Amino acid sequence: MYISYNWLKDFIKLSPKVSPQEIAERLTSHTVEVEGLENQSESFLNIVVGKVLEVKKHPNADRLRLVLVDIKEKKLHIVCGAPNVAEGQLVAVALVGAILPGGLEIKTSEIRGELSEGMICAEDELGLGKDHDGIMVLDKRAKVGEPFSQYLKLDDIIFEVDNKSLSNRPDLLSHYGLARELGVIFDAHLKPYEKVIGEKLEFVNDKKIKFDVVVENKDVCARYMAVRIDNVKISESPVWLKERLISIHQRPVNNIVDITNYVMFECGQPLHAFNADNIKKIIVRLARKNETIETLDGKERALDVNDIVICDNTQPIAIAGVMGGRNSEINDTTHSIILESANFKAATVRKTASRLGLRTEASVRFEKSLDPLLTEDALHRFVSLLKKVCPELKISSELFDVKDKLPELSNIELDFVWLFSKIGQEIPKEQVVSILSKLGFKVVKHKDVLNITIPSWRATKDVKNREDLVEEILRIYGYDNIESSLPTEKLSVPEINQERMMERRIKDVLALKFNLSESYNYSFVGEEQLKKLNIDFFNHLKLANPLSEIHSMLRQSLVPGLVSNIKINQFKDDKLGFFEVGSVFFNAPGEFKKDNETEDVVPYQEKRLGIVMANNESDIFISLKSLVSGFLREIIFQNEVTFSEFENIPGWANKKLVAKISILGKEIGWIGTLNEDASNNLNLKLKVGLVEINLDALIKIILDLAPLRFQEAAKYPAVTRDLAFVIFEEILYNDLKREIISFNSLIKSAELFDIYTGDKLASGEKSLAFHLSFQSDERTLTSSEVDVIQNELVAHLANKFEAKLRNF
Amino acid sequence: MKNRLQAIRAEFLDKLKQAQNLDNLREIELKYLSRKGELSEVMHNLKDLSLELKKELGELANNIKKELENSFEETKKIIGIKDDNKVFVDITLPGEKVDRGHLNPITVIQREMEDLFTSLGFIIADGPELESDYFNFTALNIPPLHPARDMQDTFYVDSKNSDGTLDLVMRTHTSPVQVRTMKKFGAPLKAVIPGRCFRNEATDARHEHTFYQFEGIMIDKNINFANLKSLLEIVGKKLFGPNTKLRMRPKFYPFVEPGNNGEYTCFLCEGKGCRVCKNTGWLEIVGAGLVHPDVLRAGGIDPEQYSGLAFGFGLTRLAMLKYGVNDVRAFNSGDLKFLEQI
């Protein structure tokens, strides 16, 4: 939003010592951020007033002329193509180095063999109008050699205000509103708006003009004011009006439209002017099913039954608060207008504007809840301005003002003790009263309690309770003037977030001990990506408004992201490893409530730990298993990790190299390798192994563990025997081991130390070699005692698995 | 036998004198001093002698052994130094390459902030990334149709509730966890909430639809604005050094009242003005305020008894500033060239 300093000066006078920079800084400190300052005098740099001394034909071009121009300090030769250039004219000359508003940089050049040392400008080239028929001829007050900006009297400063953060302050979307703030900040007098409006015209009811206003839905239109004005002559606006609008980056249209805009930018109330020709009646109502309207921008708009429309007897002529209709547009031949100054419901206007994708200056203001008292001021201001531009106008209808009882101004009690307890220190009471009064609050003091009346322009959405007043007082008093002090409190022991601490340890172990890098991948996945991995995506939660197809669904696994980490790094190294801790989302009920009232819940979400490893060796499955076992032993002391058959083999996994991971008998995740199909689909050159663990479940297991106890050294020595069993390949290590361990209580451990398949065995056989440890808590075992158990074990395994002892 | 001992002594000392390098020494050691060397052999034979002779020769043998061992060690030292000087060692050669893993820079900066606040007695709170419309907006005093809930900025999940409205969102900030944490722990409460957030905006070097926030909340009797200010000062000093200054500006956030922006003096130019702070000398880092009474109520806390302060900032933005990262997409890229720099 652009704000003109000259415009502000219509309402307040600040000391000339106050620089625009200071205004910008203080507005930013106390009210709203000023994002930029534009000094108009710097806008036509290197463009000066010149006088045409001589015009000659160009020897080589019929349509060009050679012009000699006096710019006081010297005379310039300029090649000019304009038909209207003539001796004696005062013109705008762009000197070498000037950059025109369109971006054109002026350089010394040769045009058809003749030197040109600048450019004589047309109106459009200067960004001052649409005229390109010829050069802009200046009036007599132009002084040869003076900067063009000086001739234009461009001395304004334009503030660029961040209006995105003003969603609570519709009053500040106007010059008058910001002038009011400056009045408080700089302690300057603010001209009352009644005085700005000037003379209020009489409204008389002319019986000859039949015209009526009906508001059908008062709940969406708190107030509708309208008046018919005849004898209007549509023309270009006067210079002062155009200049003001151009200065705040608005395009002038015609006098009527320009004045409606002028009033809106001045006081914040959007106005709309209809061509009155065919309008006998204004009806404000909700749109009907299947109704449409062509808006001023030439687009056909389908209306919704929740949109507010302005209609004549037959059809909609405007979308209330958003944009007018083509059928009632002001055109050059318009003689009569109906002016609307109304208050529409914020939420409704907002809904309509966002559904239609049509955010206009009007809708932006309405959607922030405007003061219903403002319609009156705005209407009077419009009429008085129009009177200046069209003195012959005639008000030909009564002043319609359709409204229910307007809301009464509300009061807030503010107790100084409470106020100071919120601030953390005392500030002078008289200053509190003065700040509030200057902001427009009515303040009545009873001892230490203030009774405060909220002004109508702050009452719509913004100021409701005493907390809001703390902000008003503090921001004007100055946040920087409050002395900081740390809270004093009773010491208490905070509850430690064990899950978070454990997550931290897990990340440390993976990154710092196992040398994996931590990636953060997007929570969103796309169809194509999942297809390549043969992941079924029909049950994935989808975004209603995704940014792109590649991020259209919520991930149910960390795998797609981790695989892409390998993909983008695969040419960097032939040994890669990443991990990620992140949430996955399912189309199933979760644990978190949706709100405070119902039993509804948000979808199930789970924190997972994913690991990916890639290299060009064949044993990626084994190396990844080693890593997982090592990692889990590191965080869960002493407890062995088991890998077992996995039934839900994912589409991307090699069916033979995939397993469930369990710890303490509880399943926590799986390990697998990427199959050839997926690997080819993704153009991966490395072999890829993946692990995904339910981190919530893992952490719960860890936190539920019994505290660590060290074992006392065994009193009696162990006897160890190394035995290698030859078994069929299909017999699982897990099963063999379980059988060995559970065979006799004196067998304390069985540690696998060698696996063999090869020439010396029949095909389909493998040999698993174990260190067996026999030990008793009560006595030293004798060798013969162990022999007996060992023989029984061998016989048992032979019986159970057809296991043979390896004999080579 | 006495002569034999003297002969060994003379021979040993002579050979020691001639020794040139460690190899020679090793030979001498083996020949005379080792367990099966000549000296040991003689000493071994002592056991067959008479008690008297054993005593006399034993003492002699021991003295000679000591003497020879000392001379040997001395010579070894000298030769050792000479020997070392002969071998050239390029001490500038690198060690063997050791694999390294890397934490994401966001994790690192998040931990710094977590550690600061846990040391002040704050708990670390968590909440769901896929949130309900109610907790993401309504409970934070952003009612339906409030301008702050623009569809353009929020990712909605394509699943309608029984009223036919989209009421699931990817959380746009960590603030919904404020209310969930209030409900879980009640007052007094001191909590910080780090986490992933989402905004529906096209990505480029400066914009990311997935980013990380860190926010804090403190609720107790008599929490006031001066408290907020001093906590923000601590945050600034922790982030950017002990000389960092804070200034606060008004800024509207529906869930706090008053609502503020906190700016810190630029850590690069110390407030003089540079490219990073766009020549203002200040960096806009933190949003803050006193918790709105409606938000306390939504969290089941009585605003007549308790008041609260809240503040939040972007971890992503902090990491960019702190590590001089110019492209925000780097954090979610999984690119090792980026990650391995930490």
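Worth saying up front: this structure is predicted, and the values here are computed from it rather than measured.

About the cut-offs
Residues numbered from 1 in each chain as written. Chains lettered and ligands numbered in written order. Predicted model: local features only at pLDDT ≥ 70, side-chain atom pairs only at ≥ 80, totals over all residues. Helix = DSSP H or I, 4+ residues; strand = E, 2+ residues; numbered from the N terminus. Rg over C-alpha atoms; globule rule 2.2 N^0.38 Å. Contact = placed C-beta atoms within 7 Å. Buried ≥ 20, exposed ≤ 12 C-beta atoms within 10 Å, placed from the backbone. Pairing = 2+ DSSP bridges. Nonpolar A, V, L, I, M, F, W, Y, C, P; charged D, E, K, R; others polar. Axes fitted to C-alpha atoms, helices over the stretch in contact; angles between N-to-C directions. Parallel < 35°, antiparallel > 145°, perpendicular 65-115°, else oblique. Left-handed = near helix turned anticlockwise from the far one by under 90°. Expected span 1.5 Å × (residues − 1). Arc of directions from axis to C-beta. Domains from an automatic or database assignment. pLDDT = per-residue confidence, 0-100.

1. Quick notes on the overall build of chain B
Phase 1: A count of helices and strands for chain B gives eleven helices and nine strands.
Phase 2: Here chain B has a C-alpha radius of gyration of 39 Å; the compact-globule value for 342 residues is 20 Å, and the former is much larger.
Phase 3: Reported as C-alpha extents along the three principal axes, the dimensions of chain B are approximately 115 × 45 × 45 Å.
Phase 4: Summarising the internal contacts of chain B: among those between residues at least 6 apart in sequence, 66% fall at separations of at least 24.

2. Here's the deal with the overall build of chain A
Phase 1: Of the regular secondary structure elements, chain A holds 21 helices and 38 strands.
Phase 2: Expected size for 808 residues packed as a compact globule is a radius of gyration near 28 Å; at 41 Å, chain A overshoots this value by more than 25%.
Phase 3: The dimensions of chain A, computed from C-alpha atoms along their principal axes, are 130 × 85 × 60 Å.
Phase 4: In chain A, which comprises 808 residues, the proportion classed as buried is 39%.
Phase 5: For chain A, long-range pairs separated by at least 24 residues make up 69% of all intrachain contacts whose partners lie at least 6 apart in sequence.

3. Topic: helix 4 (residues 175-185) of chain A
Every α-helix carries 3.6 residues per turn, so stepping three or four residues along brings you back to the same face.
Residues and elements named next belong to chain A.
Phase 1: A large share of helix 4 lies buried, amounting to ten of its eleven residues.
Phase 2: Regarding helix 4, the residues found buried are His175, Tyr176, Gly177, Leu178, Ala179, Arg180, Glu181, Leu182, Gly183 and Val184.
Phase 3: Following helix 4 by one or two positions, aspartate 187 adopts a phi angle in the positive range, close to 55 degrees.

4. Some words on the sheet that holds strand 17 (residues 308-311) of chain A
Residue and element names in this part refer to chain A.
Phase 1: Strands sit in the order 11-14-17-18-19 across an open sheet of five strands; the sheet is mixed. Every other strand in the sheet has two partners, leaving strand 11 (212-215) and strand 19 (323-324) as the edge strands with one partner each.
Phase 2: Bridge analysis of strand 11 against strand 14 (residues 281-286) gives four bridges, and the strand direction is parallel. By the bridge assignment, valine 215 is partnered in strand 14 with valine 284.

5. Points about the interface of chain B and chain A
Interfaces are often sized by the amount of accessible area the parts lose when they come together.
Phase 1: The interface of chain B with chain A comprises 68 residues on the first partner and 77 residues on the second.
Phase 2: Examining the composition of the side of chain B that touches chain A, we find that six residues originate from one element, helix 8 (residues 225-240) of chain B, more than from any other.
Phase 3: Considered class by class, the residues forming the side of chain B that touches chain A number 32 nonpolar, 20 polar and 16 charged.

6. Here's the deal with the packing of helix 7 (residues 255-267) of chain A against helix 10 (residues 374-389) of chain A
All names here are of chain A.
Phase 1: One can describe the packing of helix 7 onto helix 10 by two numbers: an axis separation of 10 Å at closest approach and a directional angle of 140 degrees. In terms of orientation, helix 7 lies oblique with respect to helix 10. Both helix 7 and helix 10 take part in a crossing whose hand is right-handed. The segment helix 7 lies against helix 10, with Asn255, Ile259, Thr260, Tyr262, Val263 and Cys267 engaging Leu374, Asp377, Ala378, Arg381, Phe382, Leu385, Leu386 and Val389.
Phase 2: Of the residues in the contact of helix 7 with helix 10, the class split is ten nonpolar, two polar and two charged.

7. What to know about the sheet that holds strand 36 (residues 747-756) of chain A
Residues and elements named next belong to chain A.
Phase 1: Here four strands make up an open sheet; going across it, the order is 36-37-35-38 and the pairing antiparallel. At either margin of the open sheet sits one strand with a lone partner, and together these are strand 36 and strand 38 (804-805).
Phase 2: Judged from the two bridges that link them, strand 35 (residues 719-728) and strand 38 form a sheet pairing that is antiparallel. Across the sheet, the residue bridging to phenylalanine 725 is leucine 805, located in strand 38.
Phase 3: Its contacts with the sheet put helix 21 (residues 783-801) on strand 35, strand 37 (765-774) and strand 38, and the angle it makes with strand 35 is roughly 15 degrees.

8. A look at the pairing of strand 29 (residues 575-593) of chain A
Residue and element names in this part refer to chain A.
Phase 1: Where strand 26 (residues 517-518) lies against strand 29, two bridges are found, and the strand directions are parallel. Across the sheet, serine 517 pairs through a bridge with phenylalanine 578, a residue of strand 29.
Phase 2: Direction of pairing for strand 29 relative to strand 30 (residues 601-615): antiparallel, over a ladder of 13 bridges. When the sheet's bridge partners are listed, valine 584 is paired in strand 30 with glutamate 606.

9. Remarks on helix 17 (residues 620-635) of chain A
Residue and element names in this part refer to chain A.
Phase 1: With 16 residues, helix 17 extends 23 Å between its outermost C-alpha atoms, agreeing within 8% with the 22 Å of an ideal straight helix rising 1.5 Å per residue.
Phase 2: Among all positions in helix 17, only Ile620, Phe621, Leu624, Leu627, Val628, Phe631 and Leu632 are buried. Along the axis of helix 17, the buried positions cluster into a sector of 125 degrees, meaning they face one direction only.

10. Overview of the packing of helix 6 (residues 239-247) of chain A against helix 7 of chain A
Residue and element names in this part refer to chain A.
Phase 1: Where helix 6 meets helix 7, the axes come as close as 10 Å, and the angle between the chain directions of the two elements is 55 degrees. The angle between the axes of helix 6 and helix 7 places the two elements in the oblique class. Helix-helix and strand crossings are classified by hand; for helix 6 and helix 7 the assignment is left-handed. Residue-level inspection shows Leu241, Arg244 and Leu245 of helix 6 in contact with helix 7, the latter providing Asp258, Asn261 and Tyr262.
Phase 2: Tallied by class, the residues present in the contact of helix 6 with helix 7 amount to three nonpolar, one polar and two charged.

11. Side note on the environment of isoleucine 473 of chain A
All names here are of chain A.
Phase 1: On the secondary structure map, isoleucine 473 appears in helix 13 (residues 466-477).
Phase 2: For isoleucine 473, a count of 20 C-beta atoms within 10 Å translates into the label buried.
Phase 3: Taking the C-alpha atoms as reference points, isoleucine 473 and leucine 781, 308 residues apart in sequence, are found 87 Å from one another.
Phase 4: Non-local contacts of isoleucine 473, meaning those with residues more than four positions away in its chain, are made with Val432, Ile435 and Leu436.

12. Structural notes on the domain arrangement of chain B
Phase 1: Partitioning chain B into domains gives domain 1 (2-86) and domain 2 (105-339).
Phase 2: For domain 1 of chain B versus domain 2 of chain B, the separation of C-alpha centres amounts to 80 Å.

13. A look at the confidence of the model for chain B
Residues and elements named next belong to chain B.
Phase 1: Per-residue confidence for chain B gives a mean pLDDT of 90; residues scoring 70 or more make up 97%.
Phase 2: Mean pLDDT values over the elements of chain B span from 81, in helix 4 (residues 51-86), up to 97, in strand 2 (residues 130-132).
Phase 3: Both scores are given for the predicted complex: the pTM is 0.82, the ipTM 0.84.

14. Digging into unusual backbone geometry
Phase 1: A cis geometry characterises the amide bond from alanine 187 of chain B onward to proline 188 of chain B, with omega recorded as -5 degrees.
Phase 2: Topologically, proline 188 of chain B is positioned in the loop between helix 7 (176-185) and strand 4 (189-198).
Phase 3: The omega torsion across glutamate 257 of chain B and proline 258 of chain B is 0 degrees, close enough to zero to call that bond cis.
Phase 4: Inspection of the secondary structure assignment puts proline 258 of chain B in strand 7 (residues 256-265).
Phase 5: One non-glycine residue, lysine 153 of chain A, lies in the positive phi region at around 55 degrees.
Phase 6: Take lysine 153 of chain A: it is sitting in the loop between helix 3 (148-151) and strand 10 (157-161).

15. Observations regarding the environment of aspartate 327 of chain B
Phase 1: Within the secondary structure layout, aspartate 327 of chain B lies in the loop between helix 10 (315-323) and helix 11 (336-339).
Phase 2: As for aspartate 327 of chain B and lysine 238 of chain B, which are separated by 89 residues in sequence, their C-alpha atoms are 24 Å apart.

16. A few points about the environment of threonine 453 of chain A
Residue and element names in this part refer to chain A.
Phase 1: Tracing the chain through its elements places threonine 453 in strand 25 (residues 449-453).
Phase 2: In sequence terms threonine 453 and isoleucine 412 are 41 residues apart; their C-alpha atoms lie 6.6 Å from each other.
Phase 3: In contact with threonine 453, not counting residues within four places along its chain, are Leu409, Asn411, Phe441 and Lys442.

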